Amino acid sequence: MDFSLTKTENLFLQMIKDFAENEVKPLAAEVDEQERFPVETVKKMAPLGIMGIPIPVKYGGAGGTNILYSMAVEELSAVCATTGVIVSAHTSLCAVPILEYGTEEQKQKYLPKLASGEWLGAFGLTEPNAGTDASAQQTVAIESGDNYILTGSKIFITNSGYADVYIVLAMTDKSQGTRGITAFIVEKNFPGFSVGKKEKKLGIRGSATCELIMENCVVPKENMLGKLSKGFSLAMKTLDGGRIGIAAQALGIAQGAMDETVKYVKERKQFNKPISAFQNTQFQMADLETRIVAARLLVRQAAFKKDKGQAYSVDAAMAKLYASETAMEVTNKAIQFHGGYGYTREYPIERMFRDAKITEIYEGTSEVQRMVIAGALLR
Amino acid sequence: MNIVVCIKQVPDTTEIKINPVTGTLIRDGVPSIINPDDKAGLELALSLKDSFNAHVTVITMGPPQAEDVLREAYAMGVDRAILLTDAKFAGADTLATSHALAGALRKLDFDLLVTGRQAIDGDTAQVGPQIAEHLDLPQVSYLEHLDFDGKKTFTIKRRIEDGYEMLQVDGPCVVTVLSGAYRPRYMSVSGIVEAYSKNVEIWGFAQIDVDEKDLGLNGSPTRVHKAFSRGVKSAGQLYEVDSTEAVGIIMSKLKEKFII
Ligand SMILES: Cc1cc2nc3c(=O)[nH]c(=O)nc-3n(C[C@H](O)[C@H](O)[C@H](O)COP(=O)(O)OP(=O)(O)OC[C@H]3O[C@@H](n4cnc5c(N)ncnc54)[C@H](O)[C@@H]3O)c2cc1C
Ligand SMILES: Cc1cc2nc3c(=O)[nH]c(=O)nc-3n(C[C@H](O)[C@H](O)[C@H](O)COP(=O)(O)OP(=O)(O)OC[C@H]3O[C@@H](n4cnc5c(N)ncnc54)[C@H](O)[C@@H]3O)c2cc1C
């Protein structure tokens with residue numbers, strides 16, 4: 001067993017930390033305050049290959065590992081969780097399923113554009129009445145000549161409005177339940193496709209979260225992703241991979257809050273000493289730091305197993321569960337260490353606290369992660 | 001067009017600590033970086049690669065671990081990397097360093113040789129000009145900007161104390177670049193992924209064209225008389241803004257330090 005980073009990983013961290021610090025951090029507060037999607041940041045990440053890290057070189061990607069990808073999402077999220085989720089949803093939920101389930105034609109057509117960041121990707125599974133119970137899909141896809149006609153709506157879709165390609169799940173056979181769900185690659189310009197209302201959110205306020213509306217949306221048959229009726233399992237496996245990204249996002253938020261707190265407690269003086277001199281501060285921070293390092297080991301283990309082609313579904317669930325709850329705990333206590341200053345928007349802690357919450361909800365709530373873990377344990 | 005860039009691995013002086021007793025640098029655990037002026041020089045070369053399809057070679061002289069800066073240069077987009085390393089080079093001062101580099105450069109074909117103006121550790125700003133002298137090439141130091149006509153002429157803006165000079169020079173020539181001149185690009189992800197599988201050529205004394213007596217300690221006339229550290233004073237920060245904005249900045253700084 002070897003826990004040390006490779007030279008490649010160290011070089012990658014050097015680049016991504018530098019990029020996050022100089023290009024992403026300066027915009028984080030503004031993007032949050034104005035609820036503005038940071039288009040310019042995506043434009044800067046694209047030529048560097050950050051939008052296609054785990055996509056093979058032959059499809060225009062960087063040919064990197066999932067470990068590198070998780071490091072990217074972590075470091076971006078440490079300064080701006082909005083930017084972290086843009087990369088995560090685009091990569092894990094759109095480019096990767098096309099890579100893993102697409103036909104050669106689909107890969108040739110979509111991956112180079114997605115991996116280069118020329119196009120942005122998104123994933124539409126959730127519906128008003130199909131959240132945790134994703135099998136309760138009401139969007140239908142009806143075969144018609146060379147096409148499928150999709151009708152229905154999706155809610156809470158990350159990157160929507162800015163994305164060019166959406167993986168959309170729909171019922172091709174209502175009588176078959178989960179075995180009647182199929183995945184489609186839908187382009188934003190397909191007739192009958194539109195983006196609806198944009199949500200106003202507690203956190204990750206720069207990320208776009210909107211409704212997708214399909215009104216007799218015409219999708220060519222060659223855009224079916226994976227096999228007919230196999231969409232549910234495709235979606236679940238896609239979310240397994242996505243959870244590595246969200247776990248990395250949560251980990252980044254926790255680390256970002258810790259970095260701010262370490263600086264602050266050494267500077268802030270009360271009772272003639274820095275508050276870092278109080279044993280209460282030290283002991284609580286030791287516990288939080290231990291949680292962060294444990295979360296990072298879980299994230300890297302899940303990414304490592306995915307890289308090795310091993311089963312990683314439970315590992316990803318554990319990583320997401322633990323990292324997201326760590327992000328909540330660290331940001332919550334980080335505000336406490338910052339006192340009243342931490343509660344104001346003068347400091348980034350308040351934003352990090354708001355950003356942390358979503359990591360316990362999307363791509364499977366914490367309850368869902370516990371179901372996955374317990375399901376495997378008690379099988 | 002062929003470009004060679006000399007890069008030096010230096011300790012990141014923003015993180016460096018001085019041993020208070022001996023007054024010498026504590027190098028242990030200090031991360032190594034590409035010397036900032038050289039990184040700007042790399043960007044100059046890579047921008048010429050982008051516009052004129054130039055072939056870019058980087059060369060560094062140093063111990064085997066100096067290879068890391070060559071990998072970083074690969075990740076930024078250079079085409080070829082050479083590590084100049086040999087026990088015969090050890091103990092070199094600037095003169096012996098420039099002799100060794102010139103010896104290697106005699107084996108390379110180039111239209112433009114780029115060095116940094118100055119290394120942040122040695123700080124002499126001598127190596128670039130010395131190389132130009134050894135190779136009998138025209139040199140332009142303190143480069144702030146360079147334009148290439150696509151044939152063989154470079155038009156160069158050169159910083160001087162209270163202004164700048166505009167010079168025209170034909171290749172092959174040597175330029176020494178200021179760190180502020182070009183903002184270095186980030187390494188690309190694919191460049192990073194491939195960097196450690198690329199070939200770093202290792203050149204020693206046998207591969208270069210130089211007189212052995214000019215190398216290493218024997219070729220180094222410099223003698224260190226005394227080393228001492230000067231008192232530290234923080235650099236301060238300069239803002240060129242109007243008074244309203246200045247008041248805002250001052251207030252936020254005072255709050256940040258908990259003075260108010
Ligand atoms: C900002 C944001 C971005 C999102 N991005 C996307 C996206 O890009 N694509 C996409 O498809 N979806 C996306 N979602 C949707 C997200 O995945 C769902 O919100 C999530 O899966 C929960 O579904 P729900 O909101 O309907 O909650 P519900 O399913 O109604 O859950 C409510 C509560 O009940 C609990 N619960 C439900 N069932 C059980 C059970 N069996 N046992 C125990 N507890 C249970 C849940 O854990 C939760 O605490 C996003 C959501 C948000 C808020
Ligand atoms: C007596 C003496 C003994 C020394 N012994 C040693 C020793 O044993 N080991 C040791 O590491 N140093 C040693 N040094 C330091 C070494 O001489 C200098 O670091 C080196 O000559 C470069 O000078 P500088 O740092 O002032 O570079 P500058 O002249 O300020 O650098 C200008 C530019 O030249 C180029 N350049 C400089 N050095 C190199 C290089 N090595 N490879 C590629 N390009 C380069 C870069 O582009 C740089 O930006 C010694 C110095 C003295 C005086």
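Remember, it's a predicted structure, so these values are computed and weren't measured experimentally.

Visitor: Got a sec to walk through the domain arrangement of chain A? Specific residues and values, please.
Guide: Where interface size is given, it is often the accessible area lost as the parts come together that is meant. Residue and element names in this part refer to chain A. According to the domain assignment, chain A contains domain 1 (7-115), domain 2 (121-230) and domain 3 (233-377). Each of domain 2 and domain 3 has a C-alpha centre, and these two points are 30 Å apart. With 13 residues of domain 2 at the contact, the number on the domain 3 side is 15 residues. Carbon and sulfur atoms supply 72% of the area buried between domain 2 and domain 3, which totals about 1000 Å² over both sides. Inspection of the domain 2/domain 3 interface yields 0 salt bridges. Applying the counting rule to domain 2 against domain 3 returns 3 residue pairs in polar contact (both at pLDDT 80 or more). Here the side of domain 2 that touches domain 3 is built from residues that sort into 8 nonpolar, 3 polar and 2 charged.

Visitor: Break down the packing of aromatic side chains for me, citing the residues and quoting the values.
Guide: Inspection of every chain in the model, using the stated rule, returns 11 aromatic pairs over all chains. Each ring, one from A:Tyr264 and one from B:Phe258, has its centre 5.6 Å from the other, and the planes form 85°; the classification is edge-to-face. Taken together, the residues span two chains, with A:Tyr264 in helix α6 (residues 231-267) and B:Phe258 in the segment after α6 (243-256). As far as burial versus exposure is concerned, A:Tyr264 and B:Phe258 are alike and both buried. Ring centres 5.0 Å apart and planes at 80° place the aromatic pair B:Phe52 and B:Phe148 in the edge-to-face group. Here B:Phe52 is found in helix α1 (residues 36-52), whereas its partner B:Phe148 is found in strand β9 (residues 139-148), with 96 residues between them in sequence. On the basis of relative accessibility, which here comes to 14%, the residue B:Phe148 falls in the buried class. The rings of A:Tyr264, A:Tyr341, A:Tyr347 and B:Phe258 are connected pair by pair, giving a single aromatic cluster. Across from the ring centre of A:Trp119, 5.0 Å away, lies the NZ or CZ of A:Lys113, which sits over that ring.

Visitor: Run through the state of the cysteines, naming residues and quoting values.
Guide: Considering all chains together, one arrives at 0 disulfides over all chains under this definition. For A:Cys80, which is in no disulfide, the shortest distance to another cysteine sulfur is to A:Cys210 and amounts to 17 Å. Distance from the sulfur of B:Cys173, which forms no disulfide, to the nearest cysteine sulfur (B:Cys6) is 13 Å. Judged by relative accessible area, B:Cys173 falls into the buried class, the value being 0%.

Visitor: Go over the pattern of salt bridges with me, naming the residues and quoting the values.
Guide: Inspection of every chain in the model, using the stated rule, returns 45 salt bridges over all chains. Salt-bridge contacts for A:Arg243 lead to A:Asp240; the nearest nitrogen and oxygen are separated by 3.5 Å. Here A:Arg243 and its partner A:Asp240 are both found in helix α6, 3 residues apart, which amounts to about one turn of the helix. The class of A:Asp240 is buried, set by a relative accessible area of 14%. B:Arg117 is the partner of B:Asp37 in a salt bridge, and the nearest nitrogen-oxygen pair spans 3.4 Å. Here B:Asp37 is found in helix α1, whereas its partner B:Arg117 is found in the loop between β8 (112-116) and α4 (127-135), with 80 residues between them in sequence. The exposure class of B:Arg117 is partly exposed, given its relative accessible area of 23%. Within this structure, A:Asp32, A:Glu33, A:Glu35, A:Lys200, A:Arg205, A:Arg345, A:Glu350 and A:Arg354 form a network of salt bridges that share partners.

Visitor: Explain the interface of chain B and chain A residue by residue, including any values.
Guide: Facing the 17 residues of chain B at the interface are 23 residues of chain A. When the two sides are added together, the surface that chain B and chain A hide from each other amounts to roughly 1700 Å², 66% of it contributed by carbon and sulfur. If you sort the residues of chain B by the area they bury against chain A, B:Tyr186, B:Val189 and B:Phe258 come out on top, with a joint share of 41%. Our enumeration of links across chain B and chain A arrives at 2 salt bridges. A salt bridge links A:Lys7 to B:Asp68; its shortest N-O distance comes to 3.2 Å. The tally of links between chain B and chain A comes to 5 residue pairs in polar contact (both at pLDDT 80 or more). If you list the elements that add at least two residues to the side of chain B that touches chain A, you get α2 (67-76) and α5 (189-195) of chain B. The greatest single-element share of the side of chain B that touches chain A, amounting to 6 residues, is contributed by α5(B). A class-by-class count of the residues in the side of chain B that touches chain A yields 9 nonpolar, 2 polar and 6 charged.

Visitor: How would you summarise the pairing of strand β2 (residues 140-144) of chain A if you had to cite specific residues and measurements?
Guide: Residues and elements named next belong to chain A. Two strands pair when backbone bridges link them, and β2 and strand β3 (residues 147-158) are joined in this way by 5 bridges, in the antiparallel orientation. Across the sheet, Glu-143 pairs through a bridge with Tyr-148, a residue of β3. Connecting the antiparallel pair β2 and β3 is a turn made up of 2 residues, with Gly-145 showing a positive phi of about 60°.

Visitor: Help me get a handle on the site of ligand 1, residues and values and all.
Guide: Residues and elements named next belong to chain A. Around ligand 1, 19 residues are found, and the nearest of them are Thr-126, Thr-132, Phe-156, Thr-365 and Glu-367. Taking Thr-158, its side chain carries an N or O atom lying 2.7 Å from a nitrogen atom of ligand 1. Note that an oxygen atom of ligand 1 is positioned 2.7 Å from one of the side-chain N or O atoms of Thr-365. Protein chains bury 64% of the 970 Å² of accessible surface belonging to ligand 1 in isolation. Contributing elements (two or more residues each) for the shell around ligand 1: β1 (121-124), β3 and α10 (366-377).

Visitor: Just give me the short version of the site of ligand 2, but keep the residues and values in it.
Guide: Residues and elements named next belong to chain B. In the region of ligand 2, 27 residues are neighbours, and Lys-8, Asp-38, Ala-92, Ala-119 and Thr-124 sit closest. A distance of 2.8 Å is found between an oxygen atom of ligand 2 and a backbone nitrogen or oxygen belonging to Cys-6. In this structure, an oxygen atom belonging to ligand 2 sits 3.4 Å away from a main-chain N or O atom of Gly-122. Relative to its free-state accessible area of 940 Å², ligand 2 is covered by the protein chains to the extent of 77%. At the level of secondary structure, the elements contributing two or more residues to the shell around ligand 2 comprise β6 (55-61), α3 (94-105) and β8.

Visitor: Give me the lowdown on the sheet that holds strand β13 (residues 200-203) of chain B, citing residues and values where you can.
Guide: Residue and element names in this part refer to chain B. The mixed open sheet is built from 9 strands, whose spatial order is β11-β10-β9-β12-β8-β1-β6-β7-β13. Single-partner strands in this sheet number two, and they are β11 (163-170) and β13. For this sheet, the mean inter-axis angle between neighbouring strands, taken without regard to orientation, is 35°. Here β8 pairs with strand β12 (residues 173-177) via 5 bridges, running parallel. Within β12, the residue paired with Leu-112 across the bridge is Cys-173. Where α2 meets the sheet, it contacts β6, β7 (80-84) and β13, and its direction lies at approximately 170° from that of β7. Packing of α4 onto the sheet brings it into contact with β1 (2-6), β8, β9 and β12, and relative to β12 it is tilted by some 175°.

Visitor: Let's hear about the side chain of A:Arg296: which residues, and what values?
Guide: All names here are of chain A. Within the secondary structure, Arg-296 sits in helix α7 (residues 279-308). Separated by 2.8 Å, the side chains of Arg-296 and Gln-255 make a polar contact. Not counting residues up to four positions away in its chain, the partners in contact with Arg-296 are Glu-74, Leu-251 and Gln-255.

Conventions used here
- Residues numbered from 1 in each chain as written.
- Chains lettered and ligands numbered in written order.
- Predicted model: local features only at pLDDT ≥ 70, side-chain atom pairs only at ≥ 80, totals over all residues.
- Heavy atoms only, no water.
- Domains from an automatic or database assignment.
- Contact = heavy atoms within 4.5 Å.
- Buried area = accessible area lost by both parts, 1.4 Å probe.
- Salt bridge = Lys/Arg side-chain N within 4 Å of Asp/Glu carboxyl O.
- Polar contact = N/O pair within 3.5 Å; in protein donor to acceptor, adjacent residues only side chain to side chain.
- Nonpolar A, V, L, I, M, F, W, Y, C, P; charged D, E, K, R; others polar.
- Phe/Tyr/Trp six-rings, centres within 6.5 Å; stacked < 30°, edge-to-face > 60°.
- Helix = DSSP H or I, 4+ residues; strand = E, 2+ residues; numbered from the N terminus.
- Buried < 20%, exposed > 50% of the residue type's maximum accessible area, 1.4 Å probe, protein only.
- Lys NZ or Arg CZ within 6 Å of the ring centre and 35° of its normal.
- Disulfide = S-S within 2.5 Å.
- Pairing = 2+ DSSP bridges.
- Near = heavy atom within 4 Å.
- Areas by Shrake-Rupley, 256 points an atom, 1.4 Å probe, with all protein chains shown as cover.
- Axes fitted to C-alpha atoms, helices over the stretch in contact; angles between N-to-C directions.

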